[in-house]
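Chain by chain, the residues run as shown.
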Amino acid sequence: MGWRAALLVLGLTALPRLVVFPFAENTAGDAVVRAWLAHAWLEHPHLIGASSQGCLQFGPLHVPLIALVEWLIGREHLAGRLLSLLFGVASALPLFALGRRLFSERAAWWSVAAFALWPLHVQASTTAASEAVSGFLVLVAIACVARALETKERPLLLLGGLMLTLGAAVRYDVWLWIGLVALIVWWRGGSFGRAVAFGAVAASFPLAWLVAHQVDAGDWLAPVRLIDDYHRTWFRSEAALWGEGTYRAIVLGFWPLTALVTFTPVGAAIGAAALARSWRTDGRWLALLVVVPALLLSLRGALLSSFVPLSRFTMKELSLFTLFVGAGLASLEARWRQAAVASVSLAVAWLPLLELAAQARWRWASSFRAVSALSLNNEDLRVIAKALRERAAPADIVAVDVDPRGFDDLQLAFESGLPFRQVARRRAPSFDAFAAPGPRWMVRFEGGVLTGSAFPLVRWREVASSGPITLLERE
């Protein structure tokens, strides 16, 4: 690929993300916690050898990467989102290389168009979650493998293994791909030795991480058990909410449903048709990478009640699915150009339509918020966060109550814009230490645990209220 083509690929991918970036907010808790962990790591840099050493239940590599960006730009609230933006936009390059190698240059360009307009990836590229970073590493790994299968370049194959193990150090769901890709290398490459070498490199982080937990906690499966137990409990609560049979059906069809909603029904149908055709070509190994992990995780949830799917869990497989969307559009263009152009035009119009569905006041709004391009917190939280940003000085301390209905206290603490050490979160073990100087502001949640009696010598007055959240200022 020439530099002009590379710049065009990057520019097309960056455009919708740059439009969304100034307005996007971290949502759902994980992104905020990752940003705080990175800030804490930057204050005391160290090698993270186990979950208990500074990364909690998350992949350890993401934490120092965010910290590095914070060190470079000096802004803890922006670092994680900027890291995601850089990796999210860069993901289009290995995607283009894959599309051109496995299908055609025309298909590669259509794939970039589908990827650029994919709302789920736009959201991942504008928040501090880890999907954009791990997605880039996975795409580079698969692009290296695709070329190595064709050219027999052993160093390139090992580089693919290295990228895959780095992806596994960012997100645990990448672990599932290691054995599968190694089997594909054996099957398509015809060399058991190469497959073993690739697998050894690709599995190096997971194996080291499990051994480290045996040393640290006496249980080499500790990180796996933690996530598994959490999902089992979570599955029971979701099944109780939806109904047992209904929820199992949702879990079983979650990957196709997510593709249908995020690529538009037309785009999903075009991609599915191209994927089906690939079974008769040399590209069927790529189709296996899309279908097999999605099927295994769906069956694990539906049959074993041990996995709760979220839209962001589908992103590895659906990132590769964009290649089939591109191949389908290229094939459609050859026969009926207007239909291909209309399909992409629908994808452009789909972005604001999804956002309208996400922000409307109706039953399914939260489901659409999970896949829309622009991630926003709920209106009550945004009102109080804005009031804090407008009123609080950088040196002010704010005490934040526990949200009894979820994790809005984490979101509000982050969106206040105050430095990490100026926010005393009642949920955190560090609350007493952070609140010791005496907070000027207090955020209370209806049904929460923080009351004025926590600070008996302070009198408070209400300055803002929205829904279940109240902002108080010390008199």
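Above this text is the structure in question.
Read on for an overview of the structure. (Residues numbered from 1 in each chain as written. Predicted model: local features only at pLDDT ≥ 70, side-chain atom pairs only at ≥ 80, totals over all residues. Heavy atoms only, no water.)

## Details of the overall build of the chain
- What the chain contains, in helices and strands, is 23 helices and 5 strands.
- On C-alpha atoms alone, the chain measures out to a radius of gyration of 23 Å, which is about the 23 Å that the 2.2 N^0.38 rule sets for 475 residues.
- Taking the principal axes of its C-alpha atoms as reference, the chain extends roughly 75 × 55 × 50 Å.
- By residue count, 53% of the 475 residues in the chain fall in the buried class. (Helix = DSSP H or I, 4+ residues; strand = E, 2+ residues; numbered from the N terminus. Rg over C-alpha atoms; globule rule 2.2 N^0.38 Å. Buried < 20%, exposed > 50% of the residue type's maximum accessible area, 1.4 Å probe, protein only.)

## Structural notes on the packing of aromatic side chains
- This model, assessed by the stated rule, comprises 22 aromatic pairs.
- Relative to F192, the ring of W186 lies with its centre 5.0 Å away and its plane at 65°, an arrangement referred to as edge-to-face.
- When the centroid spacing of 6.4 Å and the interplanar angle of 50° are considered together, the rings of F431 and F455 count as tilted. Taken as a pair, F431 in helix α23 (residues 431–435) and F455 in the loop between β3 (441–445) and β4 (460–466) lie far apart in primary sequence, 24 residues in all.
- One aromatic cluster is present, built from ring pairs that chain together W36, F414, F420 and F434.
- The ring of W187 carries R188 above its face, with NZ or CZ at 5.4 Å from the centroid. (Phe/Tyr/Trp six-rings, centres within 6.5 Å; stacked < 30°, edge-to-face > 60°. Lys NZ or Arg CZ within 6 Å of the ring centre and 35° of its normal.)

## A closer look at the pattern of salt bridges
- This model, assessed by the stated rule, comprises 24 salt bridges.
- Between E153 and R147 there is a salt bridge whose closest N-O contact spans 3.0 Å.
- Owing to a relative accessible area of 29%, E153 belongs among the partly exposed residues under this scheme.
- In this structure, R300 engages D228 in a salt bridge whose closest nitrogen and oxygen atoms are separated by 2.8 Å. Taken together, the residues span a long stretch of sequence, with R300 in helix α17 (residues 284–304) and D228 in helix α13 (residues 222–242) at a distance of 72 residues.
- A residue is classified by how much of its surface remains accessible, and R300, at 28% relative accessible area, is partly exposed.
- Of the residues examined, D228 reaches a relative accessible area of 18% and is grouped as buried.
- Members of the salt-bridge network, linked through shared partners, are D30, E131, R171, D173, R312, K316 and E317. (Salt bridge = Lys/Arg side-chain N within 4 Å of Asp/Glu carboxyl O.)

## Examining the pairing of β3
- Along β3, 4 of the 5 residues are buried, which leaves the element largely enclosed by surrounding structure.
- Where strand β1 (residues 398–400) and β3 come together, 3 bridges link them in parallel fashion. Bridging from a neighbouring strand, V400 pairs with V443 of β3.
- Looking at chain direction, β3 and strand β5 (residues 469–474) are connected through 5 bridges and run antiparallel. Paired with M442 across the two strands is L472, which belongs to β5. (Pairing = 2+ DSSP bridges.)

## Things to note about the sheet that holds β4
- A sheet is described by the order of its strands in space; here 5 strands give the open sequence β2-β1-β3-β5-β4, paired in mixed fashion. With partners counted over all chains shown, the strands left at the sheet margins are β2 (423–425) and β4, one partner each. Within the sheet, the average angular offset between the axes of one strand and its neighbour, ignoring direction, is 20°.
- Where β1 lies against β2, 3 bridges are found, and the strand directions are parallel. (Axes fitted to C-alpha atoms, helices over the stretch in contact; angles between N-to-C directions.)

## A closer look at unusual backbone geometry
- In this structure, K152 is a non-glycine residue whose phi angle is positive, near 65°.
- By relative accessible area, K152 is classed as partly exposed at 41%.
- The residue T264 is not glycine, and still its phi comes out positive at about 75°.
- Looking at the secondary structure, you find T264 in helix α16 (residues 264–278).

## What about the pairing of β4?
- Where β4 meets β5, 6 bridges bridge the pair, whose relative direction is antiparallel. Bridge assignment links A464 to a residue of β5, and that residue is L471.
- Where β4 folds back onto β5 in an antiparallel hairpin, the turn is made up of 2 residues, including G467, whose phi is positive at roughly 60°.

## Re helix α1 (residues 3–20)
- Under the 1.5 Å per step criterion, the end-to-end length of α1 is 26 Å for 18 residues, consistent within 8% with the ideal 26 Å.
- Of all the bends found along α1, the most pronounced is centred on A14 and spans about 35°, while P16, a proline, follows it within four residues.
- Check the buried side of α1 and you find it contacts α4 (79–90), α5 (92–102), α6 (105–116) and α7 (119–125). (Expected span 1.5 Å × (residues − 1). Bend = angle between axes of the 7 residues up to and from the residue. Contact = heavy atoms within 4.5 Å.)

Purely geometric stuff here, so don't read any function into it on its own.
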